[in-house]
Amino acid sequence: MSDVAAGARPGHGEPAKGPDQPADAASGPPGETPDPEAPVTEQNADVGTDEDGDAAGDGRKVRKQRPFWKELPLLIVIALVLALLIKTFLVQAFSIPSDSMQNTLQRGDRVLVDKLTPWFGGEPDRGEVVVFHDPDNWLAGEPTPESNVVQDFLSFIGLMPSSKEKDLIKRTIAVGGDTVECAKGGPVKVNGKALDEPYIFPGNSACDDKPFGPFKVPEGKIWVMGDHRQNSWDSRYHTEDATKGFVPVKDVVGRAVVVAWPINRWATLPVPDTFDQPGIGAAAALAPGALGVAGALPLVLWRRRRLTSGRTAG
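Residues numbered from 1 in each chain as written. Predicted model: local features only at pLDDT ≥ 70, side-chain atom pairs only at ≥ 80, totals over all residues. Heavy atoms only, no water.

## Things to note about the state of the cysteines
Right, so step 1: A complete count under the given rule lists one disulfide for this structure.
Right, so step 2: Across the disulfide from C182 sits C207; the S-S distance is 1.9 Å. Its torsion about the S-S bond being -90°, the disulfide of C182 and C207 is classed as left-handed. Of the two residues, C182 is situated in strand β7 (residues 179-182) and C207 in the loop between β9 (193-194) and β10 (212-216); the sequence distance between them amounts to 25 residues.
Right, so step 3: For C207, a relative accessible area of 0% corresponds to the buried category. (Disulfide = S-S within 2.5 Å. Helix = DSSP H or I, 4+ residues; strand = E, 2+ residues; numbered from the N terminus. Buried < 20%, exposed > 50% of the residue type's maximum accessible area, 1.4 Å probe, protein only.)

This is the structure:
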């Protein structure tokens, strides 16, 4: 009886496999005789090489890591794209060009402005320091600083404030629906509530240089003033302009939240407590209540009519 497995045909002149002969001993490329002294193992039977000649013991190709200098251009491009996206949608740096916000902000300070909130429909609130585009040529005659190509590129991607943008920075005093006023010798009032303004530059009055009002702020607008009242060309001085001194909310770039530079000036820019006093937001608070009454009135009338008709029918 033959010991050849069914379906296998031994080659001419080659001995058939015996029962005690290893199964892989006769394996190999056609026409080649295996070296009987070379042990056949999993390691030398299943070895692959990568494109650089490096072998992997499990048969898979091993890819060498690229040199850092080859990946550097890609990393730079990714970093620039991220910086541009952050500047456009999240945070942008601005430089303070004047003394109109002293002592809260000094000339040369760098502030970080939150640009994300306006994208979600958020509007400036009372007390916030905001950056806004020039609403009606408020910066007429102001010199524009010269810049070089490097500065222009860094400002484009948001790593440096732009020297060419016509933007202003002031404090929001009143918002749409508010009534704002200030008589000579008195404090600024919002909806009849006097503001305690500790942020005003030492030695300045609230508005003695330019009293105003009362003015009702239109919806979609804000009234802004500088903290250095006697050195700020703010809403008070533009009441005869096309905007009547009000800044459109659509022109607001965002809220300044942090003084980021220089390091020894680092500080946050919170809303002062005086804007949280009870009643200051009365004008705005009445609107939801009035809408609620207007919505409930038809329901009450309808119910009373049903009850009356029911009693009449009975």
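## Digging into the sheet that holds strand β8 (residues 188-190)
Right, so step 1: In space, the four strands of this open sheet follow the order β9-β8-β7-β10, with antiparallel pairing throughout. Where the open sheet ends on each side, the last strands, each with one partner, are β9 and β10.
Right, so step 2: As paired elements, β7 and β10 share three bridges and run antiparallel to each other. Residue pairing across strands places C182 opposite F212, the latter belonging to β10. (Pairing = 2+ DSSP bridges.)

## Re the pattern of salt bridges
Right, so step 1: Taken as a whole, this structure holds 10 salt bridges when the rule is applied.
Right, so step 2: The residue E197 makes a salt bridge to R229 at a minimum N-O spacing of 2.7 Å. Here E197 is found in the loop between β9 and β10, whereas its partner R229 is found in the loop between β11 (221-225) and β12 (247-248), with 32 residues between them in sequence.
Right, so step 3: When its relative accessible area of 0% is taken as the criterion, R229 is described as buried.
Right, so step 4: Note that D209 and R236 form a salt bridge whose closest N and O atoms lie 3.0 Å from each other. A residue pair is termed long-range when its members are at least 10 positions apart, and D209 in the loop between β9 and β10 and R236 in the loop between β11 and β12 qualify at 27 residues.
Right, so step 5: A relative accessible area of 28% means that D209 is categorised as partly exposed. (Salt bridge = Lys/Arg side-chain N within 4 Å of Asp/Glu carboxyl O.)

## Points about the confidence of the model for the protein
One rule of thumb: low pLDDT means the predicted coordinates there are not for detailed reading.
Right, so step 1: Model confidence for the protein is summarised by a mean pLDDT of 73, while 56% of its residues fall at 70 or above.
Right, so step 2: In this model residues 22-28 is a low-confidence stretch, pLDDT under 50, and it forms six contacts with partners more than four residues away in sequence or in other chains.
Right, so step 3: Considering only residues more than four positions removed or in separate chains, one finds that residues 283-297, a stretch of pLDDT under 50, has four contacts. (pLDDT = per-residue confidence, 0-100. Contact = heavy atoms within 4.5 Å.)

## Points about the packing of aromatic side chains
Right, so step 1: By the definition in use, this model includes six aromatic pairs.
Right, so step 2: With a centroid separation of 6.4 Å and an interplanar angle of 15°, the aromatic rings of F212 and F215 are classed as stacked.
Right, so step 3: Residue F212 is classed as buried on the basis of its relative accessible area of 6%.
Right, so step 4: Geometrically, the ring pair formed by F215 and W223 is tilted, given 5.6 Å between the ring centres and 40° between the ring planes.
Right, so step 5: The side chain of R171 reaches across the aromatic face of Y199, ending 4.1 Å from its centre. (Phe/Tyr/Trp six-rings, centres within 6.5 Å; stacked < 30°, edge-to-face > 60°. Lys NZ or Arg CZ within 6 Å of the ring centre and 35° of its normal.)

## Details of unusual backbone geometry
Right, so step 1: The linkage connecting Q102 with the following residue, N103, adopts the cis geometry, with an omega of 0°.
Right, so step 2: Relative to the helices and strands, N103 is located in the loop between β3 (91-95) and β4 (110-114).
Right, so step 3: Cis geometry is found at the peptide bond from G213 to P214, where omega equals 5°.
Right, so step 4: With respect to the helices and strands, the residue P214 is situated in strand β10.
Right, so step 5: Despite not being glycine, N191 has its phi angle at roughly 55°, a positive value.
Right, so step 6: By the secondary structure assignment, N191 is in the loop between β8 and β9.
Right, so step 7: Residue K244 is not a glycine yet carries a positive backbone phi of 60°.
Right, so step 8: Considering the arrangement of structural elements, one finds K244 in the loop between β11 and β12.
Right, so step 9: You can call K244 partly exposed: its relative accessible area is 48%.

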